[in-house]
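For reference, the chains in residue letters:
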There are 4 protein chains.
Amino acid sequence: MAIRVGIVGFRGYSGAELIRILSRHPQAEPVLLEHRSDSEPALHPRGWKGPKVAPATPQAVRDEGIAVVFLATPANVSMELAPSMIDAGAKIVDLSGAFRLRTADNHRKWYKEEHTATGWLAKAVYGLPEFYRDKIPAATLVSNPGCYPTAANLAIRPLVASGIADRKAGIVCDAKSGVSGSGRKPSLKSSFCEVTGNFSAYSILDHRHVPEVLMNSGLEEAEFSFTAHLIPADRGILETIYFRAAKPVDAAGVVAAYEKEYAGEPFVRIYDPGKVPDLHAVAHTNFCDIGVKMDTATGRGVVVSVIDNLIKGAAGQAVQNMNLIMGFAETEGLL
Amino acid sequence: MAIRVGIVGFRGYSGAELIRILSRHPQAEPVLLEHRSDSEPALHPRGWKGPKVAPATPQAVRDEGIAVVFLATPANVSMELAPSMIDAGAKIVDLSGAFRLRTADNHRKWYKEEHTATGWLAKAVYGLPEFYRDKIPAATLVSNPGCYPTAANLAIRPLVASGIADRKAGIVCDAKSGVSGSGRKPSLKSSFCEVTGNFSAYSILDHRHVPEVLMNSGLEEAEFSFTAHLIPADRGILETIYFRAAKPVDAAGVVAAYEKEYAGEPFVRIYDPGKVPDLHAVAHTNFCDIGVKMDTATGRGVVVSVIDNLIKGAAGQAVQNMNLIMGFAETEGLL
Amino acid sequence: MAIRVGIVGFRGYSGAELIRILSRHPQAEPVLLEHRSDSEPALHPRGWKGPKVAPATPQAVRDEGIAVVFLATPANVSMELAPSMIDAGAKIVDLSGAFRLRTADNHRKWYKEEHTATGWLAKAVYGLPEFYRDKIPAATLVSNPGCYPTAANLAIRPLVASGIADRKAGIVCDAKSGVSGSGRKPSLKSSFCEVTGNFSAYSILDHRHVPEVLMNSGLEEAEFSFTAHLIPADRGILETIYFRAAKPVDAAGVVAAYEKEYAGEPFVRIYDPGKVPDLHAVAHTNFCDIGVKMDTATGRGVVVSVIDNLIKGAAGQAVQNMNLIMGFAETEGLL
Amino acid sequence: MAIRVGIVGFRGYSGAELIRILSRHPQAEPVLLEHRSDSEPALHPRGWKGPKVAPATPQAVRDEGIAVVFLATPANVSMELAPSMIDAGAKIVDLSGAFRLRTADNHRKWYKEEHTATGWLAKAVYGLPEFYRDKIPAATLVSNPGCYPTAANLAIRPLVASGIADRKAGIVCDAKSGVSGSGRKPSLKSSFCEVTGNFSAYSILDHRHVPEVLMNSGLEEAEFSFTAHLIPADRGILETIYFRAAKPVDAAGVVAAYEKEYAGEPFVRIYDPGKVPDLHAVAHTNFCDIGVKMDTATGRGVVVSVIDNLIKGAAGQAVQNMNLIMGFAETEGLL
């Protein structure tokens, strides 16, 4: 029998993907939970009879018998809703940045706001299954990783942990994302005429996703340079990561380290040495594809890591986390 | 010596094109006139030293010695500013819909708003130079045509006036426009992720540009079916016009009628029979390109008419009108 | 137990969608059949282990025990392969134009080529399930409809059959398609720089898909004007259809006629009166969405019909046909 | 009186920009020179009467009295045509890579081909006016810089020459280009459906434009990591350049170094500290815009450099070079 799962923020791009994935999931039945801050029209076709809609309240969690709530909401809404919905008996998978950092100080530093549910900061589990698969099943609140950090952490941590990359030489992550990463609320920056035919850099060296990479890779801030860019495309993230080898290694050697790290992983694909993925390789999928190129004479290396920001970077990974929480097959609904 | 010209609404897409064209115009020097309703950042590069900026007031018109003011503003702002700036001594080229219709009743019917400067409705000259070149030089207020009607009128009027098209059989105009036609104010409908990979119809049979076509072509509303569509592109209008021949004629015959009508016109180009233009043919230019295809056996005809909505459909035609008002060469600054 | 199905032309866009749909289909296992004319690299990620690949020969049909072969190939390849693969025991769903018309003369007229498998022209069943659901199950060769005619026929036939549209006044179908409709073979016309920011008309009044609409709607060629256009988008078809009402009717009346015609249809959705669909409403789905707007005072009507050209216009409808041939649920693998 | 200038390769994207710029240039009259390898249809509208067309031969150079020939051709065509056209009396501005490197060995290493006009390698002048304005006027053959190196050299050389950047820490240049950079010849990689919604890396660490940056900046290959990427846009290059400060400096300090280096330069614009340009800032212009961001606590710096690859990266810079060769104002035809 299918469990019932709630989706708050279903009018946004990640929310729409949650509806799409969960509508086909054989063990989950979605209920749309409308929050008072919602305003945009829903994404599904006019007149379409979608899942049931209920208010985004603890009462609805109880009345509808909802086991898991996905919060595809701004951080301040997540901070407001998560504790009371947990009290109402739900497990939470939060797609916002509200519970990704460990301390209120760090949250204030990067998000420029006070945290209003600090009690859950230490208890939230960081929902990157490839790294924390052992902790997620027992979690009450899973903090779904940021889109950029998902692609970055999967590519960088093995480089650092294996000693392949020379940390002191620094690692550069030049990240590019489709426009859906900035949400569905209209703004000049995401207007068609400003984006088409354009390409721009933003949050140079101070993106709020940086601490998620530091936490997981063990790098110091001084060792990691990150710049985000806007691609004139609706979805997808590609990160070009530059490193210096700590000792002689060729692309095959780096690939071997990745293959060892991700042996058996259902959603990480490592390319043959010298081959790299593009956005189309992972569009509309929950995969993270990684490829490596080395110049062995000089020890310079480049890794390209790609995901669909709305799937592995948001809704797909959130369902992967739900599968782990509920004891379903990890790939259920995602292949 | 160059005259001084004012641009109100210079932060919008048409305003930016006015700046670009007028900055190169050998006989005009632009002054940017800032209106209190302006809010978006200007389009020119940060730090760029553009033309002088003054407030959009009658006083500034006097102080700056401005001969012509371009109003690239919403209709309600144009209705407010035009009379007082005329009083201050300026000629007006209004790019909004404020002064395109002849009566307050007609304006109310199509624009769903009361007209607040009715005294100028009958005195405004419709600024389509190919039809009204004799009246524009003496005008105090030129109402620049709508973008859709510019492409439609140039293609349709010769068909009707020459008797080639069977009016009673009706004329269909299927119109498509790039997104800049809906302005620069952010909205969900013009957000990148909603537009890219999409195509949509709007204002089916009731677009406010319809009466401009009826006025100029002599068609009755029942004889003219018009639907607007949004192209996932930033600029350009393509209209596909379907008609029935009133008497036997081939494409060469229709082309001959156009060539006769537009002999010597600097900004209308007629294609060889059977050939039709695309948007790229006129991008960033003040041309209207027209092509014809006929099925002579059945008398069905199709005309394709294209313009750049921001140039011949807005800023370029406005400068063409200014050239006529001031007695400059009509093509000055536009080739 | 799943049947085995072959895909010829799997390197093209329709072929890639067939792989995607059939890989998830619970009752079919895809085998890729490589034809000597194939040259482009496959679309799936480098290094991905996809379905088995065998040669596109009758022998492979026998050796692999293939029940149904999908031909996502040019018409001349379909004419060559279909008869011999039928002899080898396979049912055929042909996605090309090879078997859509009824006579060799008609094929020559519209396709400008001789037909080389004329024996199958009369035996092929036109695979539009909404119209021919009774004949498809017994077919040996199903000719999958063209993309434009799928959207056109579903919208137009009820208008004509019900007597709502005045046939003699003519029906205009202004059709727009994404670029994948012209296939994957590189050409200047489908190059990125020629398409982006552009919009163009082609095959004005003489598109080879016209006879498919005449056959199914009962219209005469003189009564039907069709123009195709290229949208700067990868997928999707939107058709804007103009008609004159034969007797007074409002949008609700037209919608009622559609709802009666398509009651119970799993893949046709009719919108509320006055509402019309856009491409995003059906992207990546097998739906055809239809909306209607009427000007009752003058009897002018507009219908908007949309499909995803690669799904309902190609691969999805092909699988729908396979489901009917094999006696599976018609929606299997398609929702 | 205007000089006559020839354009070989006028059917390509750079060639079309040369026509556009030179048609407005008050001191030059373009003649199109058709080479036997030309095959694509011209870019200007069908039926348009463009400049005169002559064969791309030394005889035509003499007959037409051509003073300067622009070669917007593949490297092998440039190597073939340049020497004989020089013999016929023309100065050459070559837009290909044929004469950018100094030795036949270096050319073979990076271009994987033998050089067939080695006599001109040492005599060609590298046409980056901001660096070699003193040598260009006397040149017989100017080798127009590559598009990527133009943006890279203008940004990197001042960083290295001033001692701001720590060379030993390495400099990373993550470069992104619109599709027109790969030319107009159709290929799968530049097909609309493969590019739209996509983003890809190519020529990682081994792009043939690398030696042009090494030559001009003084960096060693081991100190410079370069990766090219394809933006789903038609034109524009944005390069994100990462460096480590050799000594404490803030963004204002780096900006000051650029402003000193480029004081008086008509086509280089430096942004306020912390501000960076995007592609739209330079689209359809001959500007290179540069912005800087620093994290002073750690000494990490990022520079963003943008150009229009078809203008400052090709046709515009070529005309800038022609202006210098002919003693015209350097900005003539380019503002």
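Trainee: So what exactly am I meant to see when it comes to the nonpolar core here?
Mentor: Nonpolar side chains tend to gather and get buried jointly when the protein is soluble and globular. The biggest cluster of nonpolar side chains holds 188 residues, and the ones touching the most others in it are Phe70(A) and Phe70(D). Residue contacts for Phe70(D): discarding those within four places in its chain leaves Val5(D), Gly6(D), Ile7(D), Val8(D), Leu18(D), Leu22(D), Val93(D), Leu95(D), Ala318(D), Val319(D) and Met322(D). Tyr126(B), Ile290(B), Val249(C) and Val255(C) belong to the second-largest nonpolar core, a separate cluster that totals 186 residues.

Trainee: So what exactly am I meant to see when it comes to the relation of the copies chain B and chain C here?
Mentor: One copy of the chain maps onto the second through a rotation about an axis and a displacement along it. Expressed as a screw transformation, the operator carrying chain B onto chain C has a rotation angle of 180° and an axial translation of 0.0 Å, and the superposed copies differ by an RMSD of 0.0 Å. Interpreted geometrically, this transformation is the action of a two-fold axis. Of the interface residues in chain B, 100% have counterparts in chain C that sit at the interface too, so the contact is made through matching surfaces.

Trainee: I would appreciate a short explanation of the relation of the copies chain B and chain A in the present structure.
Mentor: Superposition record for chain B on chain A: RMSD 0.0 Å, screw rotation 180°, translation along axis 0.0 Å. A shared interface surface links the copies, since 100% of the contact residues of chain B are contact residues in chain A too.

Trainee: Would you explain the interface of chain B and chain A in this entry?
Mentor: How big an interface is tends to be stated in terms of accessible area lost as the parts join. If you look at the interface, chain B gives 20 residues, while chain A gives 20 residues. Interface of chain B and chain A: buried area, both sides summed, is about 1,600 Å²; carbon and sulfur atoms make up 69% of it. Three residues, Leu188(B), Phe192(B) and Cys193(B), lead the burial of chain B against chain A; their summed loss comes to 43% of the area buried on that side. Among the salt bridges present, the one from Arg184(B) reaches Glu194(A), with a minimum N-O distance of 2.7 Å.

Trainee: Help me out: how do you make sense of the domain arrangement of chain A in this one?
Mentor: Residues and elements named next belong to chain A. Domains assigned within chain A are domain 1 (3-145 + 313-326) and domain 2 (148-309). Relative placement of domain 1 and domain 2: their C-alpha centres are 25 Å apart. With 26 residues of domain 1 at the interface, the matching set in domain 2 holds 31 residues. Together domain 1 and domain 2 conceal approximately 2,400 Å² of surface at their shared face, both sides included; 53% is due to carbon and sulfur atoms. Considering only the surface of domain 1 that becomes buried against domain 2, Tyr13, Trp110 and Phe131 emerge as the three largest contributors, covering 30% of it. Across the contact surface, domain 1 and domain 2 share four salt bridges. Measuring nitrogen to oxygen at the nearest pair gives 3.1 Å for the salt bridge that ties glutamate 17 to arginine 235. One can count twelve residue pairs in polar contact (both at pLDDT 80 or more) joining domain 1 with domain 2. For the side of domain 1 that touches domain 2, the element with the most residues is helix α10 (residues 311-326), which contributes five residues.

Reading the values: rules and limits
- Residues numbered from 1 in each chain as written.
- Chains lettered and ligands numbered in written order.
- Predicted model: local features only at pLDDT ≥ 70, side-chain atom pairs only at ≥ 80, totals over all residues.
- Heavy atoms only, no water.
- Core = buried A, V, L, I, M, F, W, Y, C linked by side-chain atoms within 4.5 Å.
- Buried < 20%, exposed > 50% of the residue type's maximum accessible area, 1.4 Å probe, protein only.
- Contact = heavy atoms within 4.5 Å.
- Least-squares fit on C-alpha atoms with pLDDT ≥ 70 in both.
- Buried area = accessible area lost by both parts, 1.4 Å probe.
- Salt bridge = Lys/Arg side-chain N within 4 Å of Asp/Glu carboxyl O.
- Domains from an automatic or database assignment.
- Polar contact = N/O pair within 3.5 Å; in protein donor to acceptor, adjacent residues only side chain to side chain.
- Helix = DSSP H or I, 4+ residues; strand = E, 2+ residues; numbered from the N terminus.

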